[in-house]
Amino acid sequence: MTDPFLLIAYILLFPGFLFLFAYSMTFEFLDRRIVARMQNRVGPPFFQPFADLVKTLGKEVIDPRGVDRPIFDAAPVVALAAVMTSFLYVPIIGPSPLAFQGDLVLVLYLLTLPTLALMLLGWLSRNIYAAVGGIRAVTMLFIYEVPFFLALMMPTLMAGTWSISDIMAWQEEHLCLAILQPIAFIVALIGLQAKLERTPFDIPEAETEIVAGPWTELTGRRLALMHLANETSAVVGSALIAAVFLGGLAFPWTVESAILSATVGFLLFLAKTVAILLVLSIIRAATARVRLDQLNTIGWKYLTMAALAQVGIVLVMMASGVGI
Amino acid sequence: MTRIVVPIGPQHPALKEPVNFRVVTDGERIVDLELNLSYSHRGIEKAAEQRDFIRVLPLIERVCGICSHSHATVFSKGIEEIMGVEIPPRAQYIRTIIAELERMHSHMLWLGVAAHEVGFNTLFMWTWRDREAVLDTLEELSGNRVHYNMNEIGGVRLDLSPSQVEAALARMPVLEERIRAYVGMVEDEETMLTRFRGVGSLSREEALSFGAVGPTARASGVDYDVRKDDPYLVYDEIPWNVVTDTNGDVYGRTKVRIGEIAESLGIVRHCLENLPGGPIRAEAPKAAPPGEILSRYEAPRGEVAHFIRTNGTARVERVDIRTPTLANWTSVAHCLIGRPLADVPVIVAAIDPCLSCTSRITLVKSGGDLGKDAPPPNGPRGWSR
Amino acid sequence: MIEPLTLDGVANAVAGVAGAVDKASTNRIRVRTTREGLRDVIRRVQWLLPCDRLVSISTVDTTESIELHYHLIGQHRTVVTVTVELPRDAPEIETVSDLLPSAALYERQIHDLFGVVFRGHPGLTRLILNDDWPRDEHPLRKDWKPVAGTFYGGAGRRGPG
């Protein structure tokens, strides 16, 4: 895919930004719908997330008194840009045309940027709820990031490559990494839930304590863009885990036509990401919010330890040649 | 970390009613607390002195939106006692039925709110859905969902027809099943347990000395329940138990409330099945002889006390209302010091605060801006110790 | 459960510090005392009967005096009401908030609405009324009427500053 037109189409249209945008709207719809059904509610119609976005984009932007406007405006854009960029390195149908050794590290760090933007927004809002929320967001970052990174680094250990596309290809030859490294898979799912700040990890935006946390002073397009950044990182996170851990779940029969084969691959991608979303939504509906000090215990005592145990297991497996 | 003052309220998502806490935190930990609860005064006590009993009852009922029947019953009970009027058994049974249905819907509402405070919205949606069944029953029996207006001096306003009784009984099995589901949820849901266990602990001695009432006190092993201590209506004739718990924390209060929903259901069912015949009201004189009474009643949130003095006319000389929430505030302040900020909504919600009934007394609605030019701090040491 | 209190039992416990003891209703015994004797009576009621919880402090303005009724209850489930009369022109009394912590809030409320001063109270500030309510007006007193032209707080008119 060296044709520049194809590359631009890949980045802008499919499976680039346009698809990401559309899919994140669908994702939000599915998430809200699943949770609503679990809560015995009807839930929103299909176009509701899109309608919400358009409406918020058109709303008046209010500056809190004394806020540093350029940075306040820039932070949501940076967050959204980071998430959208990271999506380009995640394989959707085949390997990503932009793949290189180390793109996994790049994606992980780009996915951290929204949290940092959120902290910045909270700090700049000159609002006590936002400031406390921003502090909480960063404190949480230090707790979940370690096990999350450890869990996502383990496939590289086994596959011997730092490229997401290569890890995916490796799984098609060997076994699905979710089966080979189940603990890492679960830790990664929980880490993703924490990264997306969803219940039980919605501590930075705990409504009943600090109103909306860093989101309190966001209005109009700032709110819309930040919200979009959050939704798109849900898609990117799910796609990343789908590629890294569920890459082996390929269609068992070879399909003749290239277009048909691509369609099948695409449908598989949708199925995997929606399955991950389903798990995340069920966790969201079935739990209560934990406290920051309790998350500290969960994160360091259990998640990090589980991830480290998985490192040990992987090393033993590699030494004895199991699964390779 | 430097100290931060986090204002909670008077408008805040955690609070369903206006109250203002100025929480001083050191990082996430609360080190000091100031309380302002005077936002929704309506001057009911003064207004009650100007009206005759017939007009006072609807007014008293509006002291609280949730325990409306409680306030009306405790008031009419007191007036009837001063008058020496014995209300017919059927009226007593009907009052008891409404009272216990009210307790059920209040506790279900609380359970939902408590779950919402810790971000467990699923339980919130479920309990509020099932609460609708109780509210529907109340609407069928009284014609209203919230202010039932069933009481009048000397009896009740409406009789229950056999078909109404049947319809109400038919709803009971479903509710029974739902209550069992809640018990399971509260005892098994790990994230909720971590937020409730050991939070807002109150020992038996503390509960007594801070004057806690209702489920808040009963969760600490205090077995005060006016229904047993000073039986009114038909509570001494029917089988039921006082629910207590020894945990003393929010988890204990949850367990007590769920236990009480089950007990109330039993009482309602018993009363509906054994509803005696006869008239529903006794002839009551218009004026009450001079007298004074401390009328006590176990509302869903705890003991309500009305101190009523009459002067031989059809008006009260004075009615002094002590609501359960005011009695429980002292213990809340004690529980909050030293806890993380995240526990504020949980601990405050655990007493099931009803702020409008607590601050019902003055005449002018307070709209004073208490933000920047707030009064000198009156921390918990000022009023709780 | 402990037996209910008897009239004689209460009279014995408060003998020497209190005035008349009578039965107010089936389940309530009233002890009359003066403002000097209040703390002694409360202490005796608390420790000798014993009563472990304060139900409420009720207040009545009888137009001649202001009556305070301290209702206490214990494991015997009998309410003991300690009644004190205060002169209307100088209603002052010692606080009991150190003996009964829960009294502090009730005392603040009574201070607010009746103008009773509780000496020794750790923080006798406004509880019920708004902060811009006139200092010397106590709305639950019988003779209180809103004075035309007086600012009672609220969003309508702001005071200076």
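Residues numbered from 1 in each chain as written. Chains lettered and ligands numbered in written order. Predicted model: local features only at pLDDT ≥ 70, side-chain atom pairs only at ≥ 80, totals over all residues. Heavy atoms only, no water.

### A word on the overall build of chain B
Each helix and strand in chain B was counted, giving 15 helices and eight strands. With the principal axes as the frame, chain B shows a C-alpha extent of 70 × 45 × 35 Å. Out of the 385 residues belonging to chain B, those deemed buried represent 65%. For chain B, contacts bridging at least 24 residues in sequence account for 71% of all contacts bridging at least 6. Accessible surface computed for chain B: about 12200 Å², of which carbon and sulfur atoms make up 52%. Between the averaged position of the 44 positive side-chain charges in chain B and that of its 52 negative side-chain charges there is a distance of 4 Å. (Helix = DSSP H or I, 4+ residues; strand = E, 2+ residues; numbered from the N terminus. Buried < 20%, exposed > 50% of the residue type's maximum accessible area, 1.4 Å probe, protein only. Contact = heavy atoms within 4.5 Å. Areas by Shrake-Rupley, 256 points an atom, 1.4 Å probe, with all protein chains shown as cover. Lys, Arg positive; Asp, Glu negative; His and termini not counted. Charge placed at Lys NZ, Arg CZ, Asp CG, Glu CD.)

### Concerning the interface of chain A and chain B
Taken together, the contacts link 24 residues of chain A with 32 residues of chain B. Across the chain A/chain B interface, buried area totals approximately 2400 Å², and carbon plus sulfur atoms make up 56% of it. Contact with chain B buries area across many residues of chain A, yet Thr208(A), Glu209(A) and Arg291(A) alone supply 26% of it, more than any other trio. There are one salt bridge connecting chain A and chain B. Of the charged contacts, one joins Asp343(B) and Arg291(A) as a salt bridge, the two residues approaching to 3.1 Å between their closest N and O atoms. On the surface where chain A and chain B come into contact, there are 11 residue pairs in polar contact (both at pLDDT 80 or more). (Buried area = accessible area lost by both parts, 1.4 Å probe. Salt bridge = Lys/Arg side-chain N within 4 Å of Asp/Glu carboxyl O. Polar contact = N/O pair within 3.5 Å; in protein donor to acceptor, adjacent residues only side chain to side chain.)

### Quick word on the environment of Ile351(B)
Residues and elements named next belong to chain B. Here Ile-351 is to be found in the loop between helix 13 (344–350) and helix 14 (355–358). Here the alpha-carbon distance between Ile-351 and Ala-212, two residues 139 residues apart in the chain, equals 9.1 Å. Setting aside residues no more than four positions away along its own chain, Ile-351 makes contact with Thr-216, Arg-257, Thr-325, Asn-328 and Val-332.

### Points about the nonpolar core
Judged by nonpolar contacts, the single largest core of 151 residues is most densely connected at Phe21(B), Trp329(B) and Tyr70(C). Counting residues per element, this core draws most heavily on helix 4 (residues 89–117) of chain B, at 15 residues. Residue assignment places this core across two domains, with domain 1 (3–41 + 326–383) and domain 2 (44–322) of chain B each supplying three or more. Contact partners of Tyr70(C), with chain neighbours within four places excluded, come to Leu38(C), Ile42(C), Ser56(C), Ile57(C), Val80(C), Thr81(C), Val82(C), Val84(C), Ile93(C), Val96(C) and Phe118(C). If you look at the next biggest cluster of nonpolar residues, it comprises 74 residues, including Met25(A), Leu88(A), Leu218(A) and Met317(A). (Core = buried A, V, L, I, M, F, W, Y, C linked by side-chain atoms within 4.5 Å. Domains from an automatic or database assignment.)

### Concerning the domain arrangement of chain B
Residues and elements named next belong to chain B. Examined at the domain level, chain B breaks down into domain 1 (3–41 + 326–383) and domain 2 (44–322). Taken together, the contacts link 25 residues of domain 1 with 30 residues of domain 2. For the pair domain 1 and domain 2, the summed buried area comes to about 2400 Å², and 59% of that belongs to carbon and sulfur atoms. Our count for the contact surface shared by domain 1 and domain 2 stands at zero salt bridges. Linking domain 1 to domain 2 there are six residue pairs in polar contact (both at pLDDT 80 or more). Broken down by secondary-structure element, the contributors of at least two residues to the side of domain 1 that touches domain 2 are helix 12 (324–336), helix 13 and helix 14. Broken down by element, the side of domain 1 that touches domain 2 gets its largest block of residues, six residues, from helix 12. Across the side of domain 1 that touches domain 2, the residue classes break down as 15 nonpolar, five polar and five charged. (Nonpolar A, V, L, I, M, F, W, Y, C, P; charged D, E, K, R; others polar.)

### With respect to the sheet that holds strand 6 (residues 291–299) of chain B
All names here are of chain B. With antiparallel pairing, the three strands of this open sheet are ordered in space as 6-7-8. Strand pairing shows two members of the sheet lacking a second neighbour, strand 6 and strand 8 (316–322), which therefore form its edges. Adjacent strand axes in the sheet meet at a mean angle of 15 degrees, parallel and antiparallel pairs treated alike. (Pairing = 2+ DSSP bridges. Axes fitted to C-alpha atoms, helices over the stretch in contact; angles between N-to-C directions.)

### So, the pairing of strand 2 (residues 20–26) of chain B
Residues and elements named next belong to chain B. By the criterion of burial, strand 2 is predominantly enclosed, with five of the seven residues buried. Note: strand 1 (residues 3–8) against strand 2, six bridges, orientation antiparallel. Bridge pairing in strand 2 places Val-6 opposite Val-23. For strand 2 and strand 3 (residues 29–36), the ladder comprises seven bridges, and the chain directions are antiparallel. Bridge pairing links Arg-22 to Glu-34 in strand 3.

### So, the sheet that holds strand 3 of chain B
Strands in a sheet are paired, the pairing made by backbone hydrogen bonds, and the direction either parallel or antiparallel. Residues and elements named next belong to chain B. If you trace the three strands from one edge of the open sheet to the other, you get 1-2-3, paired in antiparallel fashion. Since the sheet does not close on itself, it has two edges, and those belong to strand 1 and strand 3, each with one partner. Averaged over all adjacent pairs, the angle separating strand axes in this sheet is 20 degrees, with direction ignored.

### Some remarks on the pattern of salt bridges
Residue and element names in this part refer to chain B. This model, assessed by the stated rule, comprises 47 salt bridges over all chains. For the salt bridge of Arg-322 with Glu-303, the shortest nitrogen-to-oxygen distance reads 3.1 Å. Taken together, the residues span a long stretch of sequence, with Arg-322 in strand 8 and Glu-303 in strand 7 (residues 302–310) at a distance of 19 residues. On the basis of relative accessibility, which here comes to 2%, the residue Arg-322 falls in the buried class. For Glu-303, a relative accessible area of 1% puts it in the buried group. Counted as one network, the salt bridges with shared partners bring together Glu-100, Arg-103, Arg-218, Asp-225, Arg-227, Glu-260 and Glu-298.

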